[in-house]
Amino acid sequence: MAWKFVSDRPIYLQIAEHIKIDIITGVYPPGERMPSVRELAAIAAVNPNTMQRAMSELEQSGLVSAMRTTGRFVTEDKEILEKTKQALAHELAQEYLRTISRLGYTPEEAAELVLKINQ
Amino acid sequence: MNNILECYNLSKFYSGVPALTNLTLSIPKGKIIGLLGPNGSGKTTFIKIAAGLLTPTTGSITIDGNAPGVETKSYVSYLPERTYLSSWMKVSDIIAMFSDFYPDFDVPRANDMLKRLGVSTNAKLKTLSKGTKEKVQLVLVMARRAQLYLLDEPIGGVDPATREYILNTIITNYNENSTIIISTHLITDIEKVLDEFLFINKGQVVMSGSVDSVREEKGMSIDELFREVFKC
């Protein structure tokens, strides 16, 4: 199934984010070889050049590293993986806060609501 | 040279009526480019000139340094808007014809693509549905190892699932040294496979750029930008 993209952000960033989540959730486990840019482009149904750009983005963050001839591998560095996970969680929480504050909720009430729903 | 196609002050008149007026543009190698514009903006005329089917009234156009002609046809692969294949032919006949015509036609690749599509090479064209016929035509065009692919409305008349298949075929079969020009007005479907876009209207380029830089700078998709630029 082709990936879905929103219209107000660059596609390469959305691809990078999608792959980040795939790495964190173990679709691509630590130390594992990533599919080629071409394969990933076909999976996501996007332009290979755009996929290439997304991979460079991930390389820069240290989440994947390129070996000269054998392809790209997911990092085994637990610290990088943990940081990435926290950054993603942070963004989600911020997004939640932004949305719910429009309904007049304070951060405290918002946090309470989360705990309540979870009961 | 980093451009596969260059044209300068290109104009085309159909008995005095302008279809292209002083079109100047250059198309880089290794990119997938969307040629986007409203109906009657000159998309098909431009593609037909690049394919060597029409001659420009004035101006110049070169593809890898040559004017469209016998030479360029050996490295330009063209998908017309309408089918031109004879309906009595079998798929295998057409494959034989293409491999006869074009030295860069990759028969195993064509057969492989057709197999994945579930099209029997024994089938006669007239027994195929419209959508399947379009897929066969695209297979023929993409099975060539060309430098420039000109696809005129490749996803025009087909259902969304077939569109996905066609786009996937385009992505997986182009190599990084070749360029694909896709003309269409179905922008949402095609946006994610494009590197760059060209908006043309009344035979002229009105805007061009990279898809992601529009999103970065304006926070909108090419589809939204199109609606804004060509608001009726």
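These figures come from a predicted structure and were not determined experimentally. (Residues numbered from 1 in each chain as written. Chains lettered and ligands numbered in written order. Predicted model: local features only at pLDDT ≥ 70, side-chain atom pairs only at ≥ 80, totals over all residues.)

Colleague: I keep staring at the overall build of chain A and nothing clicks. Help me out?
Modeller: When its secondary structure is counted, chain A shows five helices and two strands. Counting from the amino terminus, chain A carries its helices and strands in the arrangement α-α-α-β-β-α-α. The dimensions of chain A, computed from C-alpha atoms along their principal axes, are 55 × 35 × 25 Å. By the burial criterion, 22% of the 119 residues in chain A qualify as buried. Within chain A, contacts between residues at least 6 apart in sequence are counted, and of these 55% link residues at least 24 apart. (Helix = DSSP H or I, 4+ residues; strand = E, 2+ residues; numbered from the N terminus. Buried ≥ 20, exposed ≤ 12 C-beta atoms within 10 Å, placed from the backbone. Contact = placed C-beta atoms within 7 Å.)

Colleague: Explanation requested: the overall build of chain B in the structure shown.
Modeller: Tallying secondary structure elements over chain B gives nine helices and nine strands in all. In summary, chain B has a C-alpha radius of gyration of 18 Å against a globular reference of 17 Å for 232 residues, a match within 12%. Split into buried and exposed, the 232 residues of chain B put 41% on the buried side. Of the contacts formed within chain B by residues at least 6 apart in sequence, a portion of 69% connects residues at least 24 apart. (Rg over C-alpha atoms; globule rule 2.2 N^0.38 Å.)

Colleague: Explanation requested: the environment of Glu134(B) in the structure shown.
Modeller: Residues and elements named next belong to chain B. Within the fold, Glu134 resides in helix α5 (residues 130-142). Residue classification places Glu134 among the buried residues on the basis of 21 C-beta atoms within 10 Å. Through-space distance from the C-alpha of Glu134 to that of Leu79 is 9.7 Å; in sequence the pair is 55 residues apart. When sequence neighbours within four positions are dropped, the list of residues in contact with Glu134 reads Gly157 and Val158.

Colleague: How should I be thinking about helix α3 (residues 48-60) of chain A in this particular structure?
Modeller: An α-helical segment advances 3.6 residues per turn. Residues three or four places apart therefore align on the same side. Relative to the 18 Å expected for 13 residues at 1.5 Å per residue, α3(A) spans 18 Å between its end C-alpha atoms, a close match to the ideal helical length. Among all positions in α3(A), only Pro48(A), Asn49(A), Thr50(A), Met51(A), Ala54(A), Met55(A) and Leu58(A) are buried. As for α3(A), its buried residues are in contact with α1 (11-24), α2 (37-44), β1 (64-67) and β2 (71-74) of chain A together with α6 (160-173) and α8 (211-218) of chain B. Phi for Gly62(A), located one or two positions after α3(A), is positive at around 85 degrees. (Expected span 1.5 Å × (residues − 1).)

Colleague: Explain unusual backbone geometry here, please?
Modeller: Excluding glycine, residues mostly carry a negative phi; peptide bonds, for their part, are mostly trans. Residues and elements named next belong to chain B. In this structure, Asn22 takes a positive phi of about 50 degrees despite not being glycine. With respect to the secondary-structure elements, Asn22 resides in strand β2 (residues 17-28). According to the C-beta neighbour criterion, Asn22 is partly exposed, with 14 such atoms within 10 Å. For Lys202, which is not glycine, the phi torsion reads 50 degrees and is therefore positive. Among the structural elements, Lys202 can be located in the loop between β8 (196-201) and β9 (204-210).

Colleague: Could you clarify how one ought to interpret the packing of α1(A) against helix α4 (residues 78-101) of chain A in this entry?
Modeller: Between two packed helices, both the angle of their axes relative to each other and the distance between the axes serve to describe the pair. All names here are of chain A. The contact between α1 and α4 brings their axes to 10 Å, and the two run at 120 degrees. Judged by the angle between their axes, α1 and α4 are oblique. With respect to the hand of their crossing, α1 and α4 are arranged in left-handed fashion. Residues Lys20, Ile21 and Ile24 of α1 touch α4, and the partners they reach there are Leu81, Thr84, Lys85 and Leu88. Its residues assigned to classes, the contact of α1 with α4 comprises four nonpolar, one polar and two charged. (Axes fitted to C-alpha atoms, helices over the stretch in contact; angles between N-to-C directions. Parallel < 35°, antiparallel > 145°, perpendicular 65-115°, else oblique. Left-handed = near helix turned anticlockwise from the far one by under 90°. Nonpolar A, V, L, I, M, F, W, Y, C, P; charged D, E, K, R; others polar.)

Colleague: Which parts of the structure should I look at to understand the domain arrangement of chain A?
Modeller: Size of an interface, as often reported, equals the accessible area lost when the parts are brought together. All names here are of chain A. Segmenting chain A into domains produces domain 1 (1-76) and domain 2 (77-119). The centre of domain 1, based on its C-alpha atoms, is set 25 Å off from the matching centre of domain 2. Between domain 1 and domain 2, the contact holds eight residues from the first and six residues from the second. Of the residues in the side of domain 1 that touches domain 2, the class split is four nonpolar, two polar and two charged. (Domains from an automatic or database assignment.)

Colleague: Would you mind going over the interface of chain B and chain A with me for this structure?
Modeller: Every contact between the two is made by 18 residues of chain B and, on the other side, 16 residues of chain A. Tallying contributions element by element places α6(B) first for the side of chain B that touches chain A, with five residues. Residue classes in the side of chain B that touches chain A are distributed as seven nonpolar, four polar and seven charged.

Colleague: Explain the environment of Gly69(B) to me, please; I cannot follow it from the model alone.
Modeller: By the element assignment, Gly69(B) lies in the loop between β4 (58-63) and α2 (70-73). Between the C-alpha atom of Gly69(B) and that of Ile49(B), which follows or precedes it by 20 residues, the distance is 9.9 Å.

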